[in-house]
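Listed below, chain by chain, are the residues.
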Amino acid sequence: MATLTRVKVLNPAQPNKSTAIFGGEASGILNWNDLAHPHFYTLRQKIRSLFWTANEVDMTQDVKQFADLSKAEQEAFLKIIGLLATLDGPQTVVAMKIADFATDPSVKSIMATIADQESEHNHSYAYVLSSVTTLDKQMASFEMGRTDEVLMKRNARIVDIYNEFAEKPTIETVLKAMVYTTLLEGLFFYSGFAFFYNLARHQKMVGTSTMISYINRDELQHGKAISDIFRAALAENPEYNTEAFTEWIYDQFRHSVEQEIIWSRYVLGEIEGIDLDEMAGYVKYRANKMLRMLGLSEIYPEFAENPMKWIRAYVDNFDDTKTDFFEQTSRQYVKTSDLNGFDDL
Ligand code: ZN
Ligand code: ZN
């Protein structure tokens, strides 16, 4: 199987318009008005329009409220932040690696933008934890990804697929890594997100949930961008578009749904306000959505609709026409950052 080589920075002998997303020829000069896949321009614009930074979110209320959460809520809070950090840190790296091996400069640019946002997501978890808890507990939360058995089992296939791509970059391994990227962006975070939205609907930890809603919005755009790039790359490499590969994808989705449900029962079992069966249905609904984005069929036809009714106000409104829940309630956060003081630079 052909190994993908890292692309040169500039290669003036080759054309500006890339001949393929991976393994093609391109000069390295990026002209957004002369793309092999013109719709990639919009993908980047949509991601760029979502700029935010963690320090803008006021955590004052959350700092006071964290101590009043039940013990179960506090524990789940720290575990879920631990999970999210385990996924978002490596996601920065995977986006950069995909960029490294892509020939098409527009894909490199989109991946650079995604990598930047993932890096801010990861930063936001440290920002939240340092606001609400002691250094010991912050450290323990970040250790979870390499110590908690349930979490490690849940992440085992992601680790394998991402590392396989890192060690052996080929068309096949990059396609598989992109399937897992869409799973991360579109499914693995969502029981965690639900936990924070459930707190917010009980007027708890609204600062944290506001931040989570920004991350959620980013992930949805990333999932869309990466599934579009995946489909274009597969169309350019039809020899990989086989029944066996399609079956592999369905199998990963089934497995991921199982793991996400096990995880949600483990981490949300004691949480008031979350119905675990509804949660499982919500995970299946997310899987259907991501499969459709990849150009495949739904595997849970009974979950064509989101069964977790209350969460719709928080997550189903992230599109161009409606404002999201937190924005609607007239910005519950104020910008505390004084980073606009350019005079100090
Ligand atoms: Zn992220
Ligand atoms: Zn993302």
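Residues numbered from 1 in each chain as written. Chains lettered and ligands numbered in written order. Predicted model: local features only at pLDDT ≥ 70, side-chain atom pairs only at ≥ 80, totals over all residues. Heavy atoms only, no water.

1. A few points about unusual backbone geometry
Of note, the phi angle at Q203 is positive, near 55°, even though the residue is not glycine. By the element assignment, Q203 lies in the loop between α8 (190–201) and α9 (206–236). Positive phi is not limited to glycine here, since M205 has a value of about 50°. Topologically, M205 is positioned in the loop between α8 and α9. Using a relative accessible area of 0% as the deciding quantity, one classes M205 as buried. (Helix = DSSP H or I, 4+ residues; strand = E, 2+ residues; numbered from the N terminus. Buried < 20%, exposed > 50% of the residue type's maximum accessible area, 1.4 Å probe, protein only.)

2. What about the coordination of the zinc ion (ligand 2)?
Within the protein, E118 (OE), E185 (OE), E185 (OE), E219 (OE) and H222 (ND1) serve as the donor atoms for the zinc ion (ligand 2), at 1.9 to 2.6 Å. The metal-metal distance between the zinc ion (ligand 2) and the zinc ion (ligand 1) is 3.6 Å, with E118 coordinating both. Of this pair, E185 sits in helix α7 (residues 171–188) while E219 is found in helix α9, placing the two residues 34 residues apart along the sequence. The two residues E185 and E219 agree in class, both being buried. (Donors = N, O, S within 2.8 Å, 3.2 Å for Na, K, Ca; no water.)

3. Some details on the coordination of the zinc ion (ligand 1)
Every protein donor of the zinc ion (ligand 1) is accounted for by D88 (OD), E118 (OE), H121 (ND1) and E219 (OE), and the metal-donor separations fall at 1.9 to 2.1 Å. One can describe the site at the zinc ion (ligand 1) as irregular: its four donor atoms subtend angles covering 84 to 135° at the metal. (Tetrahedral: all angles 85-135°; square planar, octahedral: opposite > 155°, others 65-115°.)

4. Notes on the packing of aromatic side chains
In total, this model carries 17 aromatic pairs according to the counting rule given. Ring geometry for W52 and Y214: centres 5.5 Å apart, planes at 50°, overall tilted. Taken together, the residues span a long stretch of sequence, with W52 in the loop between α1 (40–48) and α2 (60–66) and Y214 in helix α9 at a distance of 162 residues. Of the two residues, W52 and Y214, neither departs from the other in class, the shared state being buried. Here the aromatic rings of Y197 and Y314 are separated by 5.2 Å at their centres, their planes lie at 20°, and the arrangement is stacked. Note that Y197 is positioned in helix α8 and Y314 in helix α12 (residues 312–315), a separation of 117 residues in sequence. As far as burial versus exposure is concerned, Y197 and Y314 are alike and both buried. Ring pairing ties together the aromatic residues Y180, F188, F230, F245 and W248, which thus form one cluster. A cation over an aromatic ring shows up here: K176 above the ring of W248, its NZ or CZ 4.9 Å from the ring centre. The cationic tip of R286 hangs over the ring face of Y190; the distance from NZ or CZ to the ring centre is 4.5 Å. (Phe/Tyr/Trp six-rings, centres within 6.5 Å; stacked < 30°, edge-to-face > 60°. Lys NZ or Arg CZ within 6 Å of the ring centre and 35° of its normal.)

It is worth stressing that arrangement in space is one thing and function is another; only the former is reported here.
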